[in-house]
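# Examination of the molecular architecture
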Amino acid sequence: MSDETTSSTLIISVAITVPLRRCFDYYWNQPLTFEPAAGMRVKVPFGKTFKIGIIQQVTQVDANMPELKELKSIHLFVDQKPLLPATLQRLNQWMIRYYHAPPGEAWQTMLPTALLKGEEATLARSSCWRLSEQGKEAIANNTLPKNAVKQRQALQALANHPDGIVHEKLKVFDIPATTIKSLAGKKWVERSFSDTSGQTKGELTNQNHGIQLNDAQQIAVDRVAESFASYQAFLLFGVTASGKTEVYLRLIEKVIAQGKQALVLVPEIGLTPQTLKRFQDRFNAEVTLLHSGMTEKQRLQGWLKAREGASNIIIGTRSALFVPMANPGIIIIDEEHDMSFRQQQGFRYSARDLALVRANFEQIPVLLGSATPSVETLYNVEKNKIIQLELKHKAQQNRPLSFQVIDLKNQVLRQGLSLPLIESIRKHLDSSGQVLLFLNRRGYAPVLLCHQCGWSQTCQRCDVHYTYHHQNHYLQCHHCGSSRQAPKVCPQCQCPEMVPVGLGTERLEETVKSIFPEAKVARIDRDTTRRKSAMQEFVSSIKSGEVDILLGTQMLAKGHHFPNVTLVALIDMDGALYSADFRAPEYSAQLITQVAGRAGRANKKGEVIIQTHHSEHPMLHQVINQGYAEFAKLAIRERMETELPPHSFAAMFQAESPQIQPVKIFLNDVKEILDRYSDLKVEQLGPAPALYVKKAGKFRYQLLLQTARRNELHRLLDLTLQDIEQLASARKVRWRLEMDPVGDS
Ligand code: ADP
Ligand code: ZN
Ligand code: ZN
């Protein structure tokens, strides 16, 4: 940077975190040693306080311009260079345009919270351990006591790394902090501090377990590697356990060898210690983690490491998509169909969709992996926007699964379990297979009813039944989370007999334990995995064979490799099959395929049982008899015929308020504004109640926009949003605009 100072009059347009689709102008006319540019943080007066904002645009103006008098001055410049590389700066602009978002919210989504609070964007120095001269002598003279095994190992590891081992990586070499402390006490090791920025050179730690890629894997690796120098989107469509992760690892190996970085996004629930270990074990490279369980400081440091090129592999959940990279090489999205890649609060975006945009800006390949790709992605394969690579068989064995649908109509049920299912469970337990029971409803029972008068308690704020939790005897609303003591007698008729109706995981556990008293049962749902290490403990006890029957919610459906499971049963598919959401069959087909993928992963034949009152549902038969890919093809055809996304494009205004009237008035006002542009081919549906019309004390309505021409939808929104923001009725509700909306939340 030159010391030359520039002095001219500037108008600086700043994005500030407020829900308005505009920037705020400030002026600056003092000398500076650097040139202000988009993407730098500034502190500005805003209302009665100061706020941190991001420069969006800088314009040189005439110092005598009259408009300047109306503006306030920038208070101070926080950064002297843009926080993000040009590609991400471009992504920011793209997001603001595509999602019609307030610029401040787009920045808030992209940047670590610590930066928005004004934290400095500098990488902390990291400390590094080396052998001291005394340490080297101690090894040479073998002066360590014989029983100091840990210390010996630590010294040996350090001797193998003359450049030292970074403090955070001691774990990788099995060196406990206590050992290093005692060695430091003896002055055998010494600590130095270094700047970790600059290139880390990742290397392969010859630990690929001698796995020889099969042909399909090799083709996938080669095909993606051909596109390393340019943009191309790929779908790795591979059945569960077909070796997708192995393909990722080989590609990452190549990327690292080129001195580039790999960004891997995994579902929230998929970021398990096992996943992480698989990456760490394979490479002696800097693996940086980014997820919501980290502190703001840790996240910022991880972010900076990636930006400075000090990490080779970045693994994270949804928001890691925005991490800057000095030398981007590839973006990988594992389980691309997973809902957690969509942000469903605040700024609503799809990390999967944005990954394609970003990869295009970076001119690198993006690889989406899944056993059950989303209909959107398969549609893009049909449109030749994404190249499909297939792994059709399991990597280690490929015994076909056997499927059975049990129609519950006229069946005798024991708390939701049919007799044929009970028989099958017994059979599998007898031949020492593990059994997995899947039920996507936690708690004991969905309703607690008075036996005499039928009274039941509903959550006043959401108009839905409370779910009964037997343990600790409480009622909880699964929409807003509020809870209360369960009544022991009916408050209406004083009858002491309150009966739980329906089945949740807690009750399923009780039932299973009573039918199979010998079996060891583990229940895995949000209630039993609150403790941080709980999931980890479950996983290891399941793998070691201590558990005979594992039951739980969709937490079980994802990513885990349980080699001894031979029977998987979906206890109740009815809710999913009767849903009003047009995507429900897609989600159910994914769920069935994913859950079924847990069965027979190792060398045992797997069996899958589905219980439902709707056994004739076409989706069930497509998935079971023809497979997920065939189901998805038909789903794409159906969406075309009914003109639904991804064949058409949608946007949704949703408004909520404690009173129903202001919500309706606002959305009708919106409709009136939109109607001014009736020449644009955008269809309006509503205003109509949202799927859950009441949630946490607020009434919710929506207005859906649908079109076959995406550009016309964008134009309509460009033309109207400023007016909609200015509506008097907008101040009486909370409202938002969502592009490509899914579900109801
Ligand atoms: P996915 O990610 O598709 O679920 P993984 O990559 O986890 O599949 O592979 C499943 C299992 O098969 C793992 O234990 C993995 O080590 C093994 N595996 C993967 N590829 C091969 C191969 N080519 N030969 C033998 N085993 C393999
Ligand atoms: Zn009663
Ligand atoms: Zn509620």
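Now for a quick tour of the structure. (Residues numbered from 1 in each chain as written. Chains lettered and ligands numbered in written order. Predicted model: local features only at pLDDT ≥ 70, side-chain atom pairs only at ≥ 80, totals over all residues. Heavy atoms only, no water.)

Surrounding the zinc ion (ligand 2) are the protein donor atoms Cys-450 (SG), Cys-453 (SG), Cys-490 (SG) and Cys-493 (SG), which sit 2.2 to 2.4 Å from the metal. Around the zinc ion (ligand 2) sit four donor atoms; with metal-centred angles ranging over 104 to 112 degrees, the donor geometry is tetrahedral. Motif for the zinc ion (ligand 2), donor spacing along one chain: C-x2-C-x36-C-x2-C. You can see Cys-453 sitting in the loop between strand 23 (447-450) and strand 24 (458-459) and its partner Cys-490 sitting in the loop between strand 28 (483-485) and strand 29 (498-501), a full 37 residues away along the chain. (Donors = N, O, S within 2.8 Å, 3.2 Å for Na, K, Ca; no water. Tetrahedral: all angles 85-135°; square planar, octahedral: opposite > 155°, others 65-115°. Helix = DSSP H or I, 4+ residues; strand = E, 2+ residues; numbered from the N terminus.)

A few words now on the coordination of the zinc ion (ligand 3). Looking at the zinc ion (ligand 3), one finds its protein donor set to be Cys-459 (SG), Cys-462 (SG), Cys-477 (SG) and Cys-480 (SG), positioned 2.2 to 2.4 Å from the metal centre. In primary-sequence terms, the residues that donate to the zinc ion (ligand 3) follow C-x2-C-x14-C-x2-C. With a gap of 18 residues between them, Cys-459 in strand 24 and Cys-477 in the loop between strand 27 (474-476) and strand 28 connect regions that are remote in the sequence. Here Cys-459 and Cys-477 have matching classes, each one buried. (Buried < 20%, exposed > 50% of the residue type's maximum accessible area, 1.4 Å probe, protein only.)

Once that is clear, we can look at the site of ligand 1. Every one of the 15 residues lining ligand 1 counts as a neighbour, but Gln-212, Gln-217, Lys-244, Thr-245 and Arg-278 are closest to it. In the model, an oxygen atom of ligand 1 is placed 3.0 Å from a nitrogen or oxygen of the Ala-241 main chain. Within the side chain of Arg-278, an N or O atom sits 2.8 Å from an oxygen atom of ligand 1. Protein coverage of the free-state accessible area of ligand 1, which is 560 Å², stands at 80%. Here the shell around ligand 1 gets three residues from one element, more than from any other, and that element is helix 8 (residues 244-257). Residue classes in the shell around ligand 1 are distributed as five nonpolar, seven polar and three charged. (Near = heavy atom within 4 Å. Polar contact = N/O pair within 3.5 Å; in protein donor to acceptor, adjacent residues only side chain to side chain. Areas by Shrake-Rupley, 256 points an atom, 1.4 Å probe, with all protein chains shown as cover. Nonpolar A, V, L, I, M, F, W, Y, C, P; charged D, E, K, R; others polar.)

Strands sit in the order 35-36-34-37 across an open sheet of four strands; the sheet is antiparallel. Among the strands making up the open sheet, the edge pair consists of strand 35 (683-695) and strand 37 (734-739). The mean angle between the axes of side-by-side strands here comes to 20 degrees, regardless of whether they run parallel or antiparallel. Note that strand 34 (residues 649-657) and strand 36 (residues 698-707) share nine bridges and pair antiparallel. Its bridge partner lying in strand 36, Ala-655 is registered against Tyr-701. Along the sheet face, helix 20 (residues 660-675) touches strand 34, strand 35, strand 36 and strand 37 and points at about 15 degrees away from the line of strand 36. (Pairing = 2+ DSSP bridges. Axes fitted to C-alpha atoms, helices over the stretch in contact; angles between N-to-C directions. Contact = heavy atoms within 4.5 Å.)

With that settled, the discussion passes to the packing of aromatic side chains. All told, the structure shown has twelve aromatic pairs when counted by the stated rule. With a centroid separation of 5.0 Å and an interplanar angle of 85 degrees, the aromatic rings of Tyr-98 and Tyr-99 are classed as edge-to-face. For the pair Tyr-98 and Tyr-99, one class covers both residues: buried. Judged by centre distance (6.0 Å) and plane angle (50 degrees), the ring pair of Phe-347 and Tyr-349 falls under tilted. Tyr-349 gets classed as buried once you look at its relative accessible area, which sits at 3%. Following the ring pairs from residue to residue traces out a cluster consisting of Trp-94, Tyr-98, Tyr-99, Phe-322, Phe-347 and Tyr-349. (Phe/Tyr/Trp six-rings, centres within 6.5 Å; stacked < 30°, edge-to-face > 60°.)

Moving on: the sheet that holds strand 16 (residues 328-334). Two modes of strand pairing occur in sheets, parallel and antiparallel, and in both the strands are linked by backbone hydrogen bonds. What the seven strands build is an open sheet, ordered 14-15-12-16-17-11-18; its pairing is parallel. Sheet topology places strand 14 (287-290) and strand 18 (386-391) at the edges, where each strand pairs with a single neighbour. Along the sheet, successive strands turn relative to each other by an average axial angle of 20 degrees, direction set aside. Where strand 12 (residues 261-265) and strand 15 (residues 313-316) come together, four bridges link them in parallel fashion. Directly across from Val-264, in strand 15, lies its bridge partner Ile-315. Packing of helix 7 (residues 215-226) onto the sheet brings it into contact with strand 11 (232-238), strand 16, strand 17 (365-370) and strand 18, and relative to strand 18 it is tilted by some 155 degrees. In the packing of helix 11 (residues 351-362) onto the sheet, contacts are made with strand 11, strand 12, strand 16, strand 17 and strand 18, and the angle to strand 16 comes to roughly 165 degrees.

So, on to the side chain of Gln-434. You can see Gln-434 is positioned in strand 22 (residues 434-438). What makes Gln-434 buried here is its relative accessible area of 4%. A distance of 2.8 Å separates the side chain of Gln-434 from the backbone oxygen of Val-547, its partner in a polar contact. With residues up to four places along the chain from it excluded, the contact list for Gln-434 reads Ile-542, Gly-545, Val-547, Asp-548, Leu-550, Asn-564, Val-565, Thr-566 and Leu-567.

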